[in-house]
Amino acid sequence: MALSCIIVDDEPLAVKLLESFVAKTPDLELLGSFTDSVEAINAIKERRPNLLFLDIQMPDLNGMELAHMLPEGTKVIFTTAFKEYAFESYEVSALDFLLKPIRYNKFIAAVDKAKDWFGNHGETVQNPVPAPQMPTSEPTTIFLKVDGEYRQLALSQILYVEGMKDYVMFYIEGQKRPLVTHLTMKSVEDMLPVSLFMRVHRSYIVALDKIRSVDRNDCLYIGEEIIRVTEAYHDKFIQYLNSKFPGNKQ
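Residues numbered from 1 in each chain as written. Predicted model: local features only at pLDDT ≥ 70, side-chain atom pairs only at ≥ 80, totals over all residues. Heavy atoms only, no water.

**Student:** How should the overall build of the protein be read in this particular structure?
**Tutor:** Helix and strand counts for the protein come out as 7 helices and 15 strands. The buried share of the protein, reckoned over its 250 residues, is 45%. A sequence separation of at least 24 residues applies to 50% of the contacts in the protein between residues at least 6 apart. (Helix = DSSP H or I, 4+ residues; strand = E, 2+ residues; numbered from the N terminus. Buried < 20%, exposed > 50% of the residue type's maximum accessible area, 1.4 Å probe, protein only. Contact = heavy atoms within 4.5 Å.)

**Student:** Can you help me understand the packing of aromatic side chains in this one?
**Tutor:** The relation between two aromatic rings is expressed through the spacing of the ring centres and the mutual angle of the planes. Scanning all chains against the criterion turns up 8 aromatic pairs. An angle of 50 degrees between the planes, with centres 5.3 Å apart, marks the rings of F21 and F107 as tilted. Of the two residues, F21 sits in helix α1 (residues 12-23) while F107 sits in helix α5 (residues 104-120), which places them 86 residues apart along the sequence. Judged by relative accessible area, which is 6%, F21 ranks as buried. According to the relative accessible area criterion, F107 is buried, its value standing at 0%. Between the aromatic rings of Y160 and Y204, the centroid separation amounts to 6.1 Å while the plane-to-plane angle is 50 degrees, which identifies the pairing as tilted. (Phe/Tyr/Trp six-rings, centres within 6.5 Å; stacked < 30°, edge-to-face > 60°.)

**Student:** Is there a simple way to think about the sheet that holds strand β4 (residues 75-80) in this case?
**Tutor:** Paired through backbone hydrogen bonds, the strands of a sheet run either parallel or antiparallel to each other. As summarised here, the arrangement of the 5 strands in space is β2-β1-β3-β4-β5, forming an open sheet in which the pairing is parallel. Of all the strands in the sheet, the pair left with one neighbour each is β2 (28-34) and β5 (96-99). Taking the axes of each pair of neighbouring strands and ignoring which way they run, one obtains an average angle of 20 degrees across the sheet. In this fold α1 packs onto β1 (3-8), β2, β3 (51-55) and β4, with an angle of close to 165 degrees to the strand it touches most, β2. (Pairing = 2+ DSSP bridges. Axes fitted to C-alpha atoms, helices over the stretch in contact; angles between N-to-C directions.)

**Student:** What is the right way to look at the pattern of salt bridges in this model?
**Tutor:** Side-chain pairs of opposite charge can arise whenever the charged atoms involved come near each other. Under the counting rule described, the total for this entry stands at 8 salt bridges. Its salt-bridge partner being K100, residue D9 comes within 2.7 Å of it at the nearest N-O pair. Remark: K100 occurs in the loop between β5 and α5 and D9 occurs in the loop between β1 and α1; sequence separation between them is 91 residues. Judged by relative accessible area, which is 0%, D9 ranks as buried. Put simply, R199 and E189 hold a salt bridge, and the shortest N to O gap is 3.2 Å. (Salt bridge = Lys/Arg side-chain N within 4 Å of Asp/Glu carboxyl O.)

Rendered as structure tokens:
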């Protein structure tokens, strides 16, 4: 029985150790590793792993809080240096509790316990990456940390995203002020579905269905903003236009 998994731990060395354990464990497939719990929850919702190797003590969103936000079918194996959290882990029905420093034999025992759980509960364990010919189910929301709290934002509300150094601003339909959060443009680009959003500038990602018009200078009119498609993203955007309007030639 193959199980897919994601690792979330704010300590890079702990992540590398778990990655090495996963790599040498048969029937485990790693879908991603994260040191930022806010970025992780969006990936977990999209990729829906069977297992989550999750640290408890993390800044911002801690492991217990994240565990309450998981999609159905994702089970947790906690990893922590603090054994006093063991009892609390039962509140979120964790499959196991690994105390750091984690030894490989303990890791294997936890994975075996997970295999038994999925087998005994009649869960269907599938490869989370669909075959190319099959339709994919994309996320409809993302979580953002804004003003110290976590907000769930519907993708359909987003007009465009603007990056400024280590922060990004989400411009929302019907709202004059953007939502500001501490993320990179690359991480935002990774979390937004490519069928709905496209990066057209080093500092801008746009919602494709919110573009009102495109002028001859490759300027997009969206919301109250005019965004120019820069050379680095021009060819990809023109391919998108041609797919929508086969007669369009630029």
